[in-house]
Amino acid sequence: MSEENNIEQTQIEQTPEEETICRKKKKAEKKPTKTGDPVIDSFIDSPKENQILTSGLLDKPKRQTGPLAYNSTAQYFMKAKFSSIAASLICCLAGVILGTLVMLILNPTKFVYGYGIFWSTGFEDLVQVLYNMAPLVFCGLSVALCYKCGMFNIGASAQYALGGFSATLVSFLLKNNVHWSLLLIIATFVGLLVGALPGILKAYFRVNEVISAIMINWIALYFVRMMVKTVPGFFDQIASGTVKIPADSISMLPYKYIDASSYPLNIAVIIAIVVAIVVSVVLSKTTFGYKLKATGFNRNAAEYAGINSKLNIVLAFALSGAIAGLGGACAYLLPGKIFKGDITTVWQEGFDGISVSFLANGSPIGIIFSGLFISLLKVCGKGLTVDTGFDSSAADITISIILYLSAFSLLIYNVFMKDKKKKEYKLDTQTLIDNRGDPVPVVQAKDEVKEEL
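Below, the structure is looked at part by part. As a convention, each chain's residues are numbered from 1 in the sequence order in which they are written. Where local features are concerned, this predicted model is filtered to residues with pLDDT of at least 70; where side-chain atom pairs are given and counted, the filter is 80 or more; whole-chain, interface and lining totals use all residues. Side-chain measures were taken over the full set of non-hydrogen atoms in the model, leaving aside hydrogen atoms and water.

### Regarding the packing of helix H7 (residues 126-148) against helix H8 (residues 156-173)
Working step 1: The interhelical angle for the contact between H7 and H8, taken along N-to-C directions, is 130 degrees, at an axis separation of 10 Å. Overall, the two elements H7 and H8 adopt an arrangement that is oblique. The two elements H7 and H8 meet at a crossing, and its hand is right-handed. For the pair H7 and H8, the contacting residues are Pro135, Cys139, Ser142 and Val143 in the first and Ala156, Gln159 and Tyr160 in the second.
Working step 2: Residues are grouped as follows: Ala, Val, Leu, Ile, Met, Phe, Trp, Tyr, Cys and Pro are nonpolar; Asp, Glu, Lys and Arg are charged; all remaining types, including Gly, are polar. Looking at the contact of H7 with H8 residue by residue, the classes come out as five nonpolar, two polar and no charged. Axes here refer to lines fitted to C-alpha atoms; in helices the fit is confined to the stretch in contact. Angles between the N-to-C directions go from 0 to 180 degrees. Strands are runs of DSSP state E lasting at least 2 residues, helices are runs of H or I lasting at least 4, and numbering of each runs from the N terminus. Any angle that is under 35 degrees is reported as roughly parallel, and any over 145 degrees as roughly antiparallel; angles of 65 to 115 degrees are reported as roughly perpendicular and all others as oblique. Two helices cross in a left-handed way if the nearer one is turned anticlockwise from the farther one by less than a right angle. They cross in a right-handed way if the turn is clockwise. Between two residues, a contact is recorded if the distance between any of their heavy atoms is within 4.5 Å.

### Some thoughts on H7
Working step 1: Helices are assigned an expected span. That span is 1.5 Å times one less than the residue count. Over its 23 residues, H7 runs 31 Å from end to end, which matches the ideal 33 Å to within 8%, given 1.5 Å per residue.
Working step 2: Of all the bends in H7, the largest measures some 30 degrees and sits at Met133, one to four residues before the proline Pro135.
Working step 3: Backbone geometry just after H7 places Gly150 at a positive phi near 80 degrees. Each residue is assigned a bend, namely the angle between axes fitted to the seven residues that terminate at it and the seven residues that start at it.

### Here's the deal with the nonpolar core
Working step 1: Here the nonpolar core consists of buried residues drawn from Ala, Val, Leu, Ile, Met, Phe, Trp, Tyr and Cys, with membership extended through side-chain atoms lying within 4.5 Å. Throughout this description, buried means an accessible area under 20% of the type-specific maximum (1.4 Å probe, protein chains only), exposed means over 50%, and partly exposed covers the range between. Counting 45 residues, the largest nonpolar core has Phe138, Leu184, Val275, Cys330, Leu333 and Ile374 as the members making the most contacts within it.
Working step 2: Those elements that provide at least two residues to this core are helix H5 (73-106), H7, helix H9 (180-205), helix H11 (268-285), helix H14 (309-332), helix H15 (348-359), helix H16 (364-387) and helix H17 (392-406).
Working step 3: Looking at this core element by element, the count peaks at nine residues for H7.
Working step 4: Leaving out residues up to four positions away in the same chain, Ile374 has contacts with Leu136, Val356, Leu359 and Leu403.

### Some words on the pattern of salt bridges
Close approach of charged atoms allows side chains of opposite charge to pair.
Working step 1: Salt bridges are defined by distance alone: a side-chain nitrogen of Lys or Arg within 4 Å of a carboxyl oxygen of Asp or Glu. This structure, assessed with the given rule, holds three salt bridges.
Working step 2: Here Glu209 makes a salt bridge to Lys202, at a shortest N to O gap of 3.2 Å.
Working step 3: Residue classification places Lys202 among the partly exposed residues on the basis of a relative accessible area of 21%.
Working step 4: Across the pair Glu303 and Arg299 runs a salt bridge, and its minimum N-O distance is 3.7 Å. Here the residue Glu303 and the residue Arg299 both occupy positions in helix H13 (residues 299-304), the gap between them amounting to four residues, near one helical turn.

Listed below in structure tokens is the structure:
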């Protein structure tokens, strides 16, 4: 027996050089393949302790095997997108049901007639729905861009207002001889500067972006009120606001009235959809978008990985402000739009953008549809008040309930994905992967190891 044990020990023992070679082979087998992305490849080439620190930066799911697993990264994201859409639809449905109950309680006798008017109004006046949709999409994108980067842009109202006001003021000072495309660029630049301010305060002075953005909202309000009455000839006493841009000037966005509608069909919706697509591509398909999201997920880890977190925070806020400023110009370079001289509240479009963004779970493409839905609700609410005996509070309560429940869409989405992650974890604990990449039950793997020994 002693001789057999000595023979087994001599077969198992290895020289130090052989142990080093075996360790290197094991590390090479475990090391993932490179993707071509410079940021992810630098992560792969980094030391193990660096990978542990920055592991929260990688947004790509681990490839699984088995009946419950995903066959590819694309399939994972398709299922994740489906969960996001399902969560939003559940919140919309719950809001509509609760809003219907509110209408029934407030006026049971006119409920059936009023409920029909509520929805038919929006579908009859789609031009007004599209007219109100564009600012919501722009402000929703502004909020979503910062939210994707781990920050909260509650200052979209100021960026939206100052962008539109700057375009209107420049058009007035140059006697409405400035082309609308140049005015859009000016408004975008102004929104970029206003948006960069809370980003600078957060990145370099650790000031909470919510506090600074709220203060900037009120500064923008009083600045606009002051400038409306200060600039000579800019204030119209009859309209109690700024003078209107002539409908036939080159400063006006291309528009066209449909039938007898009081709202013109214009290109603002097309611009908003294009911007949404661009934002989606930048965030999901570019290294720049990955760095922005990495900074939001874990700022310290991003800095350790070589990402300039301060610059990315400022850029995220600046780009958000630029989108909101562009939306302000698209909203105010239209017939009949003016800035009131006695305005006392912050522009509602910026706060509606928060609801639009949350309802779409921060998805730029989803914001197009959530903005259309919220705009439809607002138009329907106006029709309900005008054409029926319902009090205006009925429509406001209905819309408020739906908007309030939109904040729960992210919670419901996390519940869906949490259940999927539990299934993946159970799958990982029940199987092992052999050298060929096939799933091997744990019991079979143990038997194979015993046989080899």
